[in-house]
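# Breakdown of the fold
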Amino acid sequence: MAEKHLHIVCLDVPYPVDYGGVFDLFYKIKALSEAGVKIHLHCFEYGRGQQPVLNQYCEEVHYYERVTPLKSLATSVPYIVASRANDALLKRLKQDDYPVLMEGMHCSYFAYNGDLPASRCFVRLHNVEYEYYRQLSETSGSMFKKLFFKRESALLKKYEAAMAGKATFWTVTEKDLDVFNKELGYNNVDFLPLYLPEFAPEWHGSHGSFCLYHGNLSVPENEYAATWLLEEIFSKLEIPFVVAGKNPSAKLEKLAHSFPHTCIVANPEQTEMEELIKKAQVNILPSFNSTGIKLKLINALYFGRHCVVNEAGVEGSGLNGCCIIANSTASMKDAIAKAFDQPYHLHNFEDRMQVMQSLFNNERNARQMIRWIFEQEPTVPGKVAERLKLSA
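Throughout what follows, the structure given in this document is the object of discussion.

Analysis parameters
- Residues numbered from 1 in each chain as written.
- Predicted model: local features only at pLDDT ≥ 70, side-chain atom pairs only at ≥ 80, totals over all residues.
- Heavy atoms only, no water.
- Helix = DSSP H or I, 4+ residues; strand = E, 2+ residues; numbered from the N terminus.
- Rg over C-alpha atoms; globule rule 2.2 N^0.38 Å.
- Buried < 20%, exposed > 50% of the residue type's maximum accessible area, 1.4 Å probe, protein only.
- 1 Å grid on protein atoms, 1.4 Å probe; cavity = no way out; pocket = protein on both sides within 12 Å on 5 of 7 lines; lining within 4 Å.
- Points joined across faces, edges and corners; volume = space filled by probe spheres on them.
- Nonpolar A, V, L, I, M, F, W, Y, C, P; charged D, E, K, R; others polar.
- Pairing = 2+ DSSP bridges.
- Axes fitted to C-alpha atoms, helices over the stretch in contact; angles between N-to-C directions.
- Contact = heavy atoms within 4.5 Å.
- Polar contact = N/O pair within 3.5 Å; in protein donor to acceptor, adjacent residues only side chain to side chain.
- Expected span 1.5 Å × (residues − 1).

Of regular secondary structure, the protein possesses 17 helices and 13 strands. For 392 residues, the compact-globule formula gives about 21 Å, and the C-alpha radius of gyration of the protein, at 21 Å, lands near that figure. For the C-alpha atoms alone, the extent of the protein along its principal axes is close to 60 × 45 × 40 Å. Counting every position in the protein, which comprises 392 residues, the buried fraction comes to 54%.

This is the structure we're talking about:
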C-alpha cells in the first residue's frame, strides 16, 4: 500500500493545547498520524514558540513568520489571509504533489490565487469568518478594533464567496455548513465534528456550590458576555457567581468585585480551571457570536453539571439537548435560578455522555478525512451530518 503524505498548514502553532482554537488542530494531527498518515506540518509562529512535541506526530515541522501588518493591510485580501501568504511556504508546497490541508480560511491564499490546484487543496473551516468578524465589531469596546473588524468582515465576505470551487471544505457545525452551501454557493463542503482530547469524564455528584462563566477574557466577545452576566443577571440574582479566565481587563475585575456574591479568578492554571468547572452547579455560557463551535461549552458539558446557554451558543452543534437554553435576560435569570436548585443526577450525566460520544470520535473523523483526501470520496453538503444523525 502506498504511503499517504499530507501537508498541513496551521494558522498558529498547535501546541500547547491551551486555548479553544488549538484543540481541533492538535488532535487532528495526532489522530491522522496514528491512522498512518505521514504529516508535513507548516505553522505560523507569532509568540507560542517552536514545539518539539509536534515532531512525534510529523515527518517534518516548519515554522514561518506572518507578514507585517502594514504590508498585509495594504492589500484587498483580508488581513488574516494576507499575513500568511508566505513565499517560503509556497516553495515547500510546490516541491511535491502531496495534498494540502489548510487550517481555516486564514491559510487558504495559495488556493485562492491559483498557485495550487483545487484538487490538491482541502480547507477546514473554523467559522463563517465574515460573520465572526462582523459580530466582533459589534462587541468590541475599542473604536480602532471596531473599524478593523468591520473592514475585515467586508473583505472576508468577498474572499469567502470567491473561494467556492477552489478547494474541498469541511465545517465544524451544521449551521456553518448551511451558510457555505446555501448562501455562499459551496457544493464541495460537508460537516465534520471537532477533534477533541480523549476525555475521561466523571460524575462529580448532584450539587455544586456556585455559577461559573469562563473563557479567554481578553477576547472582546467573552468580556462582553461576562460584563452582561454581571450587570444584567447577577446584579439582581443573589447567587454565588465566579468569572474565570485569561487576562481580564481592570474594568471587568472591578465590576466582578462590586457585588458581595460575585468574584473573578484571573489567569487560572488549567487544573484550577478544570476544578472550577467541576465544582460549579451551573456553567453559564451565553454567546454573542453564533459562528463555529465553542470549546469552552464542550469542556463544560464533559466535566460540569448544568449548562445554561442561548441559542447562538449551540445552534448547529447538535448539543441543544445537553443544555438549558434561554434567549432573553428574563428567561436566562429564571433558568439559572432553577438550575442552581436542581440536582444533576447520575442519569443526566450518562444521557449527556451518550450524545457527546456519538458526536465526537477522533478515530472515525480521521478515517473519514482519509477517504475524502486519499480515496477521493466526494464531499456532498450534509452527507456526513445526515449519517451522524442516523447513528446517534
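Okay, back to it.
Tallied over the entire structure, the rule returns two cavities of 30 Å³ or more. By volume, the largest cavity amounts to about 40 Å³. Class assignment of the residues belonging to the lining of the largest cavity gives a composition of three nonpolar, two polar and two charged. The space that makes up the second largest cavity amounts to roughly 30 Å³. Considering the residues around the second largest cavity, the lining is formed by Glu202, Trp203, His204, Phe303, Gly304, Arg305, Tyr344 and Phe349. Tallied by class, the residues present in the lining of the second largest cavity amount to four nonpolar, two polar and two charged.

This next bit is on the sheet that holds strand S7 (residues 189–191). Ordered by their spatial adjacency, seven strands build an open sheet running S3-S2-S1-S4-S5-S6-S7, and the pairing between neighbours is parallel. In this open sheet, the two strands that pair with only one neighbour each are strand S3 (60–64) and S7. Averaged over all pairs of adjacent strands, the angle between their axes in this sheet comes to 20 degrees, without regard to strand direction. Sitting on the sheet, helix H1 (residues 20–34) is in contact with strand S1 (4–10), strand S2 (37–44), strand S4 (100–103) and strand S5 (121–125), with an inclination near 160 degrees to S2. Across the sheet, helix H8 (residues 174–183) lies against S5, strand S6 (168–171) and S7, angled at about 170 degrees from S7, the strand it touches most.

This paragraph deals with the sheet that holds strand S10 (residues 262–266). Here we have six strands laid out as an open sheet, ordered S10-S9-S8-S11-S12-S13, and parallel in their pairing. Edge positions in the open sheet fall to S10 and strand S13 (324–325), since each of these has one partner strand only. Pairing of strand S8 (residues 211–214) with strand S9 (residues 241–245) involves four bridges; the strand directions are parallel. The residue bridging His214 from the neighbouring strand is Ala244, located in S9.

A word on unusual backbone geometry. A cis amide bond links Tyr15 with the next residue in sequence, Pro16, at an omega value of 0 degrees. Looking at the element boundaries, Pro16 is found in the loop between S1 and H1. Of note, Asn267 is a non-glycine position whose phi angle comes to about 50 degrees, a positive value. Among the structural elements, Asn267 can be located in the loop between S10 and helix H11 (270–279).

Turning to the side chain of Glu103, a few remarks are in order. Mapping Glu103 onto the fold places it in strand S4. In this structure the side chain of Glu103 is engaged in a polar contact, spanning 2.6 Å, whose partner is the side chain of Lys28. Leave out the neighbours within four places in its chain, and Glu103 touches Ile8, Val9, Cys10, Leu11, Leu25, Lys28, Arg124 and His126.

A few words on helix H7 (residues 143–162). With 20 residues, H7 should reach 28 Å at 1.5 Å per residue; the first-to-last C-alpha distance of 29 Å fits that figure. By the burial criterion, the buried members of H7 are Phe149, Glu152, Ser153, Leu155, Leu156, Tyr159 and Glu160. Looking at the buried residues of H7, the elements they touch are helix H3 (79–82), helix H5 (109–112), helix H6 (129–139), H8 and helix H9 (220–233). N-cap assignment for H7: the residue whose side-chain oxygen lies 3.4 Å from the backbone N of Phe144 is Ser142.

Moving on, we come to the layout of surface pockets. Looking at the second largest pocket, its volume works out to about 400 Å³. For the lining of the second largest pocket, the secondary-structure elements that each account for two or more residues are H1 and helix H16 (362–374). Here the lining of the second largest pocket is composed, by residue class, of 10 nonpolar, three polar and five charged.

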